[in-house]
Structures are given as structure tokens and as C-alpha cells.
Amino acid sequence: VRENTGTFARGPVNSAFTFQEVTEEGLGIGTLSLTAEAAEFFNAAEEAFKEKKFAEAADFYGKVLELVPDFSIAATYIGQCYRQDGALEDAEKWFKLAIDINYHDYLAHWLLADVHLQNKEKKAAIREITLAWILNRNHPQLKPAVGEIYKACGKKFNDFEFEPRF
């Protein structure tokens with residue numbers, strides 16, 4: 001299992017994020033804009049995270065979430081802060097909140113899979129990492145992570161293609 005390095009490609013936030021949303025017509029791309037104040041808190045959180053000041057980062061992400069409650073990324077990153085500090089129960093709570101806010105948040109599923117694996121909850125780890133893989137097959141670090149988690153759970157991972165059955 002990978003060490004908790006927190007090395008996901010992140011940089012200063014602009015002011016808008018896109019996400020997948022469910023509309024009456026089907027799936028679409030939505031935009032969530034941060035206020036200038038929320039963006040300042042987000043950037044402060046990112047700096048604290050880089051400096052491994054995880055409690056401080058979590059506080060800043062929490063301020064972002066207070067200002068923009070639908071911003072699942074902030075909840076995911078709060079969970080990541082707790083995970084980095086080894087507080088797996090708190091991390092799990094925040095990842096689940098992020099998923100409740102935005103089920104398509106592949107990173108929340110991915111990091112929740114790691115928490116489940118650390119808690120020896122193999123079936124749940126497989127479920128969450130598979131969902132992450134389905135939600136974002138293009139992330140260059142995700143495919144190796146899927147293989148590692150499957151292997152740690154005693155399963156063989158084979159890449160799969162979507163083959164709809166009619």
C-alpha cells in the first residue's frame with residue numbers, strides 16, 4: 001500500500017471548478033465558482049498542506065466548505081488531512097460527506113478505498129477503488145493504485161473495458 005504522501009497534482013485555485021452533474025436530460029458538466037474569499041482560504045489550505053500542516057489545512061478547507069457547501073473537493077481534502085495525520089475514522093467521515101455532496105468525486109472514493117484497506121475492510125476497499133476507476137479511468141496514478149489495492153486484498157486486477165449488454 002502506498003505511503004500517505006499527499007502528492008496529488010494540485011495548484012492555486014482559479015475561481016471555477018467543473019464537475020459532473022445529473023440533469024433532467026442526463027449527465028452534464030456543471031460549474032461551481034468560488035468567491036474571492038473562498039479562493040483565498042483554498043489557496044491558504046493548499047500552502048498549509050504542502051508544508052504538512054494538516055490541521056491548519058483542514059481548518060482552511062473547512063472555511064471554504066462553510067462558504068461554498070457544495071464544494072465537495074474541500075470535504076475530500078479535509079478527509080485527506082485527517083488521513084495524513086492517521087485519524088482514519090475522521091477521514092472516512094469526510095470522504096463519505098464529499099461523496100454525498102458529489103458522488104462523481106473519484107478522489108473521495110479513491111482515498112476512502114485506502115482508508116478501508118487500512119481498516120482491513122477488503123470488500124469495501126475493492127468497491128470504492130473500482131468506483132474511482134470507473135469515474136476516472138484517465139488519471140495516470142489511479143490505475144497502479146487500483147492494482148495495488150486489488151493485490152493487497154488478494155484479488156487479481158485486470159484492466160476492463162465497458163461492454164454494455166442490451
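Residues numbered from 1 in each chain as written. Predicted model: local features only at pLDDT ≥ 70, side-chain atom pairs only at ≥ 80, totals over all residues. Heavy atoms only, no water.

J.: Teacher, can you tell me more about the overall build of the chain here?
T.: In terms of helices and strands, the chain carries seven helices and two strands. Counting over 166 residues, the chain shows a buried share of 43%. Taking the intrachain contacts of the chain between residues at least 6 apart in sequence as the baseline, contacts between residues at least 24 apart amount to 51%. Total accessible area on the chain is roughly 9500 Å²; 51% of this is exposed by carbon and sulfur atoms. (Helix = DSSP H or I, 4+ residues; strand = E, 2+ residues; numbered from the N terminus. Buried < 20%, exposed > 50% of the residue type's maximum accessible area, 1.4 Å probe, protein only. Contact = heavy atoms within 4.5 Å. Areas by Shrake-Rupley, 256 points an atom, 1.4 Å probe, with all protein chains shown as cover.)

J.: Help me understand the packing of aromatic side chains in this model?
T.: In this description, an aromatic ring pair is defined by two values, namely the gap between the centres and the angle between the planes. Counted according to the given criterion, the structure contains nine aromatic pairs. Each ring, one from Tyr61 and one from Tyr77, has its centre 5.4 Å from the other, and the planes form 65°; the classification is edge-to-face. Of this pair, Tyr61 sits in helix α2 (residues 54-67) while Tyr77 sits in helix α3 (residues 72-84), placing them 16 residues apart in sequence. Judged by its relative accessible area of 0%, Tyr61 falls in the buried class. Judged by its relative accessible area of 10%, Tyr77 is buried. The rings of Phe42, Tyr61, Phe71 and Tyr77 are connected pair by pair, giving a single aromatic cluster. (Phe/Tyr/Trp six-rings, centres within 6.5 Å; stacked < 30°, edge-to-face > 60°.)

J.: Looking at this model, I keep getting lost on the pattern of salt bridges. Mind explaining?
T.: Side chains that differ in sign of charge can pair as their charged atoms come close. This structure, assessed with the given rule, holds five salt bridges. For the salt bridge of Lys50 with Glu47, the shortest nitrogen-to-oxygen distance reads 3.5 Å. With a gap of three residues between them, Lys50 and Glu47 both fall in helix α1 (residues 36-50), about one helical turn apart. Among the residues examined, Glu47 registers a relative accessible area of 41% and is labelled partly exposed. We note a salt bridge from Arg127 to Glu128, for which the minimum N-O separation is 3.3 Å. (Salt bridge = Lys/Arg side-chain N within 4 Å of Asp/Glu carboxyl O.)

J.: Which parts of the structure should I look at to understand the environment of Ala44?
T.: For Ala44, the location among the structural elements is in helix α1. Separated by 15 residues in the primary sequence, Ala44 and Asp59 place their C-alpha atoms 9.9 Å from one another.

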